[in-house]
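Chain by chain, the residues:
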Amino acid sequence: MSKLFEPISLGKLTLANRIVIAPMCQYSSDEGKATSWHHAHLGQLSFSGAGLLILEATAVEAVGRISAQDLGLWDDETEAAMKDLVTGLRENSDMPLGLQLGHAGRKASCAAPWNGGAQIPPSAGGWQTVAPSPLAFAEGTEAPLAMSTERIAELKKAYVDTVRRADRLGFDLLELHGAHGYLLHQFLSPLSNQRTDQYGGSLENRMRLLLEIFTEIRAAFPAEKPIGVRISATDWVDGGWDLEQSVELAKALDELGCSYIHVSSGGLSPQQKITVGPNYQVPFADSIKRHVKMPVIAVGLITEPEQAEAIIGTGQADMIALARGILYNPRWPWHAAAKLGEKVAAPKQYWRSEPHSVKGLFLPK
């Protein structure tokens, strides 16, 4: 039996296998509202046979968008557009759906990547960004506005309000985005957080906001539905956020009843130095897994079925997440099941595509 294709339960939500489709920004929304692109993009991924599909980072307030084209869920209009999207996905697939809750902080107000990705200042049609401290992300970019405690309280309310909308829409799972240099990661890292109040300084203080938000959204979302957290295990910069601190954060989240931890890295500083190669982030997941009870998701240049099988089979992680790899090959789980001698769910309209060499590959849906 393949370990990759064994079911796993996150609380009362059972996934058919250990393959997760990671959140991937599409920069294709209309003022936060989902568009036909999202219907097409997510529709094809919902046919892939993965165990879970997590929608892209979805801003809890307009100033939290990476770009003006980011997906959002902060008002009735964005909720209505998201409802149409979720309804369409549910009509054609029973794959569990998750939503990643995001806020870009000082990395907001940028152009889409294919337009260069540079930050757009308010004078050129962008907006004022916010962060724990008034430290720009990179040389030549606008400094963010340091958040007051009153502004932090507004932020926490925005997360809770978005969670209530997500629950109304019927999402099966939520993921709190605390990685890749975005706002909650900015509070965690001493490179971006130089506050002197209860949200800065010590590790306990720098973790405070993420843990407070997790506690509040956990209370606002049905207890039977899982909430996980994505983190960057290291900034890849001396003196920044690192694996040791990530372990402490993971243990604190474990105590609060976090459903899983999704372990990535980097994104906070242009000074990062990363040696990229197959499985390059898996050791971080492995290290954190040794300290927590909750399931751990590994990511990072996991491209081959045998590679994913080995990660799960050797206990380095409980699940693997695919991003760029599944954009390139939206049927990756089908091909993995074929290689590993397993079965995978597929829509009945596609059953006749089953190759003669792997008869019995598809499970009825």
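Residues numbered from 1 in each chain as written. Predicted model: local features only at pLDDT ≥ 70, side-chain atom pairs only at ≥ 80, totals over all residues. Heavy atoms only, no water.

### Things to note about helix H5 (residues 203-220)
- Between its first and last C-alpha, H5 extends 26 Å over 18 residues, near the 26 Å set by a 1.5 Å rise per residue.
- Leu 209 marks where H5 bends most, by close to 35°.
- Against the buried residues of H5 lie strand E5 (97-102), helix H3 (149-169), strand E8 (173-178), helix H4 (183-188), strand E9 (227-232) and helix H6 (243-255). (Helix = DSSP H or I, 4+ residues; strand = E, 2+ residues; numbered from the N terminus. Expected span 1.5 Å × (residues − 1). Bend = angle between axes of the 7 residues up to and from the residue. Contact = heavy atoms within 4.5 Å.)

### Brief notes about the pairing of E8
- Among the six residues of E8, six are classified as buried, and the element is accordingly described as predominantly covered.
- Here E5 pairs with E8 via four bridges, running parallel. When the sheet's bridge partners are listed, Gln 100 is paired in E8 with Glu 175.
- As paired strands, E8 and E9 are joined by five bridges and run parallel to one another. Residue pairing in the sheet places Glu 175 in a bridge with Gly 228 of E9. (Buried < 20%, exposed > 50% of the residue type's maximum accessible area, 1.4 Å probe, protein only. Pairing = 2+ DSSP bridges.)

### Regarding the UniProt feature "domain: NADH:flavin oxidoreductase/NADH oxidase N-terminal" (unreviewed entry) in the protein
- UniProt annotation of "domain: NADH:flavin oxidoreductase/NADH oxidase N-terminal" (unreviewed entry) refers to residues 3-339 when read in the numbering used here.
- What you have in residues 3-339 is 34% helix and 15% strand, and the ends, taken at the C-alpha atoms, are 13 Å apart. (UniProt positions renumbered as here; feature names shortened; annotations may be inferred.)

### Quick notes on the packing of aromatic side chains
- The final tally for this structure, using the stated rule, is six aromatic pairs.
- With 5.8 Å between their ring centres and 85° between their planes, Phe 47 and Tyr 350 make a pair best called edge-to-face. Taken as a pair, Phe 47 in the loop between helix H1 (36-45) and strand E4 (52-59) and Tyr 350 in the loop between strand E13 (344-345) and strand E14 (362-363) lie far apart in primary sequence, 303 residues in all.
- What makes Phe 47 buried here is its relative accessible area of 18%.
- A residue is classified by how much of its surface remains accessible, and Tyr 350, at 30% relative accessible area, is partly exposed.
- Measuring from centroid to centroid gives 5.5 Å for Trp 236 and Phe 284, while their planes differ by 70°, and the two rings are edge-to-face. Here Trp 236, found in the loop between E9 and H6, pairs with Phe 284, found in helix H7 (residues 282-289); they are 48 residues apart in sequence, far enough to count as distant.
- By way of ring pairs, the aromatic residues Phe 47, Trp 334, Tyr 350 and Phe 362 are connected into one cluster.
- Taking NZ or CZ as reference, Arg 65 lies 4.8 Å from the ring centre of Trp 127, over its face.
- Seen from the ring of Trp 334, Arg 331 lies directly overhead, with NZ or CZ sitting 4.9 Å from the centre. (Phe/Tyr/Trp six-rings, centres within 6.5 Å; stacked < 30°, edge-to-face > 60°. Lys NZ or Arg CZ within 6 Å of the ring centre and 35° of its normal.)

### Some thoughts on the side chain of Thr 234
- Topologically, Thr 234 is positioned in the loop between E9 and H6.
- Residue classification places Thr 234 among the buried positions, given a relative accessible area of 12%.
- Only 3.0 Å separates the side chain of Thr 234 from the backbone nitrogen of Trp 236, close enough to count as a polar contact.
- Setting aside residues no more than four positions away along its own chain, Thr 234 makes contact with Trp 241, Asp 242, Leu 243, Ser 265, Gly 266 and Phe 284. (Polar contact = N/O pair within 3.5 Å; in protein donor to acceptor, adjacent residues only side chain to side chain.)

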